[in-house]
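# Overview (structure and organization)
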Amino acid sequence: MRINKYIASAGICSRRKADELITNGQVKINGKILQEPGYEVLEGDSVSVNGRVIELNKKHTYVLLNKPVGVITSVKDDKGRVTVIDLLNDHPDIADGASRLYPVGRLDYDTSGILLLTDDGDMTYRLTHPKHEFPKTYQALVRGVMSRERELKLVRGVDIGGFVTSRAKVKTVKIKGNSSLVEITIHEGKNRQVRKMFEAVGNPVMELRRVSFGEIRLGRLKEGDFRKLTKKEIEYLMSI
Ligand code: URA
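Residues numbered from 1 in each chain as written. Predicted model: local features only at pLDDT ≥ 70, side-chain atom pairs only at ≥ 80, totals over all residues. Heavy atoms only, no water.

### A look at the overall build of the protein
Broken down by element type, the protein carries 8 helices and 13 strands. For the protein, the spread of C-alpha atoms along the three principal axes comes to 65 × 40 × 40 Å. Among the 240 residues that make up the protein, the fraction classed as buried is 48%. A total accessible area of about 13100 Å² is found for the protein, and carbon and sulfur atoms account for 49% of it. Across the protein, 42 positive and 31 negative side-chain charges occur, with their mean positions spaced 5 Å apart. (Helix = DSSP H or I, 4+ residues; strand = E, 2+ residues; numbered from the N terminus. Buried < 20%, exposed > 50% of the residue type's maximum accessible area, 1.4 Å probe, protein only. Areas by Shrake-Rupley, 256 points an atom, 1.4 Å probe, with all protein chains shown as cover. Lys, Arg positive; Asp, Glu negative; His and termini not counted. Charge placed at Lys NZ, Arg CZ, Asp CG, Glu CD.)

### Some words on the site of the ligand
Leu 107, Asp 108, Thr 111, Tyr 138, Arg 192, Gln 193, Val 194, Arg 195 and Leu 208 make up every residue found near the ligand. Take Gln 193: an N or O atom from its main chain is 3.4 Å from an oxygen atom of the ligand. The protein chains hide 94% of the 240 Å² of surface that the ligand would expose on its own. With 3 residues, helix α7 (residues 193–200) is the largest single contributor of residues to the shell around the ligand. Classifying every residue of the shell around the ligand by side-chain character gives 4 nonpolar, 2 polar and 3 charged. (Near = heavy atom within 4 Å. Polar contact = N/O pair within 3.5 Å; in protein donor to acceptor, adjacent residues only side chain to side chain. Nonpolar A, V, L, I, M, F, W, Y, C, P; charged D, E, K, R; others polar.)

### Quick look at the sheet that holds strand β4 (residues 52–54)
With respect to topology, 4 strands assemble into an open sheet ordered β2-β1-β3-β4, the strand pairing being antiparallel. If you trace the sheet from one side to the other, it starts and ends with β2 (32–33) and β4, each paired once. (Pairing = 2+ DSSP bridges.)

### As for unusual backbone geometry
Its identity is not glycine, yet Asn 30 carries a phi of approximately 50°, on the positive side. The topology assignment puts Asn 30 in the loop between β1 (27–29) and β2. Here Asn 30 falls in the partly exposed class, since its relative accessible area comes to 45%. The phi dihedral of Asn 50 is positive, around 50°, even though this residue is not glycine. The topology assignment puts Asn 50 in the loop between β3 (47–49) and β4. By relative accessible area, Asn 50 is classed as exposed at 53%.

### Some details on the side chain of Glu 151
Relative to the helices and strands, Glu 151 resides in helix α6 (residues 148–156). Within polar-contact distance, the side chain of Glu 151 engages the side chain of Thr 172 at 2.4 Å. Setting aside chain neighbours within four positions, we find Glu 151 in contact with Met 146, Val 170, Lys 171 and Thr 172. (Contact = heavy atoms within 4.5 Å.)

### Let's talk about the packing of aromatic side chains
Tallied over the entire structure, the rule returns 1 aromatic pair. A centroid spacing of 5.0 Å and a plane angle of 90° characterise the contact between Phe 134 and Phe 213, whose relative ring orientation is edge-to-face. Within this pair, whereas Phe 134 is found in the loop between α5 (121–128) and β8 (136–143), its partner Phe 213 is found in strand β11 (residues 205–213), the two being separated by 79 residues in sequence. Like Phe 213, Phe 134 is buried. The ring of Tyr 109 has Arg 81 lying over it, and the distance from NZ or CZ to the ring centre is 5.3 Å. The cationic tip of Lys 190 hangs over the ring face of Phe 163; the distance from NZ or CZ to the ring centre is 4.6 Å. (Phe/Tyr/Trp six-rings, centres within 6.5 Å; stacked < 30°, edge-to-face > 60°. Lys NZ or Arg CZ within 6 Å of the ring centre and 35° of its normal.)

### Some words on the nonpolar core
Most often, soluble globular proteins keep nonpolar side chains buried together rather than apart. Leu 117, Ile 184, Met 197 and Phe 198 are the most contacted members of the largest nonpolar core, which has 31 residues in total. Elements supplying a minimum of two residues to this core: β5 (62–67), α3 (84–89), β7 (111–118), β8, α6, β10 (179–186), α7 and β11. For this core, the leading source of residues is α3, giving 4 residues. Setting aside anything within four residues of it in sequence, one finds Met 197 in contact with Leu 154, Val 158, Ile 160, Thr 165, Ala 168, Ile 184 and Ile 186. (Core = buried A, V, L, I, M, F, W, Y, C linked by side-chain atoms within 4.5 Å.)

### What about the packing of α5 against helix α8 (residues 231–239)?
Where α5 meets α8, the closest approach of the two axes is 10 Å, and the angle between their N-to-C directions is 60°. Classed by the angle they form, the pair α5 and α8 counts as oblique. Along its contact with α5, which presents Met 123, Arg 126 and Leu 127, the element α8 presents Ile 234, Leu 237 and Met 238. Counted by class, the contact of α5 with α8 contains 5 nonpolar, no polar and 1 charged residues. (Axes fitted to C-alpha atoms, helices over the stretch in contact; angles between N-to-C directions. Parallel < 35°, antiparallel > 145°, perpendicular 65-115°, else oblique.)

Interpretation note: all reported values are geometric properties and have no functional meaning in isolation.
Okay, structure coming up:
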């Protein structure tokens, strides 16, 4: 296995970050600083990062969390806000491993819904690489009445400040008074993209929830609760 993939598979960091560690001379093979970025790890090799020998952790953990609003998608926070890892630390059957888990992509502080966490760095790398952007569906409660014309604008792509969004799927679920509940599926992950898209058509978001991540759905999981991914869901992610 190529060295960057080996480091990522051990849950140390992403493949991209592993390449940086190699360039910075922080990786040693059998006690010698690795000079060759494309090195293939051999059976019996001792790989260390920053002086710590790493081993391939073959049994990874994959968790789906329903992130509540007011929780930060981060492993720790300088401002002392509650992180997604703090939520997992409260659960006895994940607590020991929670410190090794990290989020796959991110949700805003004020967004709720589906967030995957894993210690499989290689999986994280593949799922968050821009080349592999796959569908994510959000339910947005927006201000104002969503018109067909605005729906079409969102479908075809809107300018969110120097970036025109690619084709999206949009369905208005219901209109109540001066607000609309709209389901939108996008394939990119620009910063606050969904909020900016609705802002661009004149229907600012009041509440935002991610309900699916590819084929993986939030279902009835309550806010703040988590579950481990099923074997079928893990296989699906592996196949992407
Ligand atoms: N788009 C947003 O605006 N916020 C999120 O958290 C995710 C997508």
